[in-house]
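# Remarks on the overall topology
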Amino acid sequence: MTASTSIYDQCLAAYFETNNTAIADDASLEATLARQQFLLKCISESNAESINTFFLVYASSLVFFMQAGFAMLCAGSVQKKNVQNTMLKNLLDACGAAIGFYSVGYAFAYGGSDDCVETGCAKTFIGLSNFFLNGVVNDIFWLFQFAFAATSATIVAGTLAERCQMRAYMCYSFAITGFVYPVVVHSIWSPQGFLSANSADKLWGVGMVDFAGSTVVHLTGGCTALIATYLLGPRRGRFYDGRGKQLETPNPMPGHSAALQASFAFILWFGWYGFNLASALRITGPDQNKIVSIAAVNTTLCAATSCFAALFSNYILVERETGEGEFNLTCAMNGCLAGLVAITGGCAVVDPWASLIIGVLAGILFLFSSRALVRLKIDDAVDAVPVHMSNGVWGGIAVGLFATKSRLEQVYGEVSDHGVFMGGNGTLLGAQVCGVLFIIGWVTTLMFPFFCILNYLGWFRCDVLNEIAGLDLSYHGAKYGDVDSIDKILEAQARIQQRGRTNPRHRFSSNSGSTPVRVTNISDPPV
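### Observations regarding unusual backbone geometry
Positive phi values are uncommon outside glycine, yet Phe132 reaches one of about 55°. Of note, Phe132 is situated in the loop between α5 (116–119) and α6 (139–159). With a relative accessible area of 43%, Phe132 lands in the partly exposed category. Even without being a glycine, Met253 presents a positive backbone phi close to 50°. Turning to its location among the elements, Met253 is positioned in the loop between α8 (214–232) and α9 (258–277).

### Structural notes on empty space enclosed by the protein
Going through the model one piece at a time under the given rule, you end up with three cavities of 30 Å³ or more. By volume, the largest cavity amounts to about 110 Å³. As for the largest cavity, its lining consists of 14 residues, of which Phe70, Leu73, Val382, Ala384 and His388 are closest to the centre. Of the residues in the lining of the largest cavity, the class split is ten nonpolar, four polar and no charged.

### Brief notes about the pattern of salt bridges
This model, assessed by the stated rule, comprises eight salt bridges. For Lys405, the salt bridge is made with Glu409, and the minimal N-O distance between the two is 3.2 Å. With Lys405 and Glu409 both in helix α14 (residues 405–412) and four residues apart, the pair spans about one turn of that helix. Taking relative accessible area as the criterion, Glu409 reaches 34% and is therefore assigned partly exposed. A salt bridge links Glu467 to Arg461, with the nearest nitrogen and oxygen atoms 3.0 Å apart. As far as the burial class goes, Glu467 and Arg461 line up, both buried. A single network of salt bridges, built from pairs that share partners, joins Glu162, Arg235, Arg238 and Asp379.

### Topic: helix α11 (residues 329–344)
Each α-helix winds once per 3.6 residues, and so residues spaced three or four apart point in a common direction. Relative to the 22 Å expected for 16 residues at 1.5 Å per residue, α11 spans 23 Å between its end C-alpha atoms, a close match to the ideal helical length. Among the 16 residues of α11, 14 are classified as buried, and the element is accordingly described as predominantly covered. The N-capping residue of α11, defined by a side-chain oxygen 2.9 Å from the backbone nitrogen of Thr330, is Asn328.

### Some remarks on the nonpolar core
Of all hydrophobic cores here, the largest spans 127 residues; its most connected members are Tyr181, Trp189, Trp394, Phe451 and Phe460. Sequence-distant contacts of Tyr181, that is, excluding residues within four places in its chain, are made with Phe101, Gln145, Phe148, Ala149, Ser152, Ile176, Trp189, Val216, Val217 and Thr220.

### Let's talk about the packing of α8 against helix α13 (residues 384–402)
When two helices pack together, their arrangement is given by the angle between their axes and by how far apart the axes lie. The contact between α8 and α13 brings their axes to 8 Å, and the two run at 140°. Put simply, α8 runs oblique to α13. For the element pair α8 and α13, the recorded crossing hand is left-handed. Counted together, Ser214, Thr215, His218, Leu219, Gly222, Cys223, Ala225 and Leu226 of α8 and Val385, His388, Met389, Gly392, Val393, Gly395 and Gly396 of α13 form the full contact between these two elements. Partitioned by chemical class, the residues of the contact of α8 with α13 number seven nonpolar, eight polar and no charged.

Reading the values: rules and limits
Residues numbered from 1 in each chain as written. Predicted model: local features only at pLDDT ≥ 70, side-chain atom pairs only at ≥ 80, totals over all residues. Heavy atoms only, no water. Helix = DSSP H or I, 4+ residues; strand = E, 2+ residues; numbered from the N terminus. Buried < 20%, exposed > 50% of the residue type's maximum accessible area, 1.4 Å probe, protein only. 1 Å grid on protein atoms, 1.4 Å probe; cavity = no way out; pocket = protein on both sides within 12 Å on 5 of 7 lines; lining within 4 Å. Points joined across faces, edges and corners; volume = space filled by probe spheres on them. Nonpolar A, V, L, I, M, F, W, Y, C, P; charged D, E, K, R; others polar. Salt bridge = Lys/Arg side-chain N within 4 Å of Asp/Glu carboxyl O. Expected span 1.5 Å × (residues − 1). Polar contact = N/O pair within 3.5 Å; in protein donor to acceptor, adjacent residues only side chain to side chain. Core = buried A, V, L, I, M, F, W, Y, C linked by side-chain atoms within 4.5 Å. Contact = heavy atoms within 4.5 Å. Axes fitted to C-alpha atoms, helices over the stretch in contact; angles between N-to-C directions. Parallel < 35°, antiparallel > 145°, perpendicular 65-115°, else oblique. Left-handed = near helix turned anticlockwise from the far one by under 90°.

What follows is the structure in structure tokens.
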């Protein structure tokens, strides 16, 4: 069919195909009205399909654009000598996610869902069809879901910044988008999932409600980030000096560009509208405009209140500790992101006033989670764990507390329960807790041994000399004209010792089999 064929002509051809010649040529009033009714319905359905397709194309573009925001965050949060390395890892996230989700990821997540009516929606743990998109009916749905998978994978990028090897990162990116994340998606979003609220046979009559991915996307990525950074260990100079002595005060190791970090917050907030609103999957149909609208309102309010909550909570805490408060830009930005993560799961099923409460608690939770990681000496370079894991859990629980019956039925049809604070009996809250525990257990069971194996093979943490000299120099041959003399000394010594050095196996520490370079701080000269 040519591109110039109008929708009217297509529908008219369909009419003649479904009716015999005598009926089609009947000029009576009754036949004419029936023909016009058929054509109007056909044109309306065709237009609706086109509008919904464009809706997902645009939303997928917004969600994918969030990759630029994550890249800016990582680049701005690291030292200048590691910028190229962390940017490349963000690019490889998107590339690895595309290949992994195309080949097997989508099949594991939604395989067989198109035939759900024929098979009676039998519950399965994992999809087993549609590999390499064979037999997939709606290709644009794959694009939208790929953008989500890439987001889940890139959460870990900043957490492991400045000390993770390239090959470990490529292995991880494919593993999470090809298998770990798709199983979570299948369990909660596929109509065949055992926790799914989209199933005809919902768990306890309500299922686990995660409208846009507080738990599915962010908890999965955040939990992986926590496991990875715990096993990888902190950056040199973060909590210990070069001789292994614990620092009295942890070295904050700020990034080289606050402007890049601030830009990421606005880009991610912008992209989040595609993330949350388009999880309705279509914009035409009964009540779809209401679902999309309330999701937009709640997304905006929760992000704003969470930003203020984190900013002022940090001001009060710093004032109590030092006698003088500070308005910290990083706290404000990450607080904003924490609110976005927390509201993602319930943006279409809670009232606007509830999103304000969710946002306030999200900002405070982020702040205390971030401080807890420092006390535990777990080095998260971009605070991805407090933002995505802590508030992924909170976002899932919040649905069980604040979801209203009318909004749940608007999105999922008839349900047996709603939020506890809205008069529910706790069944929905129980389903939410089960879902959160399932994701944490699933990710931990797979990713903990996965990273241990990478470490045993010597593929996980980079060599101490590479870390000191900078991964841009070590992996990409990059040099900057404005590095200070100390960095030049370290780079030169790293080059000398790199020649003739074997490739030893690395353990969790940053020491290697070669002669170590002793430093008292990250920027101190070798002694």
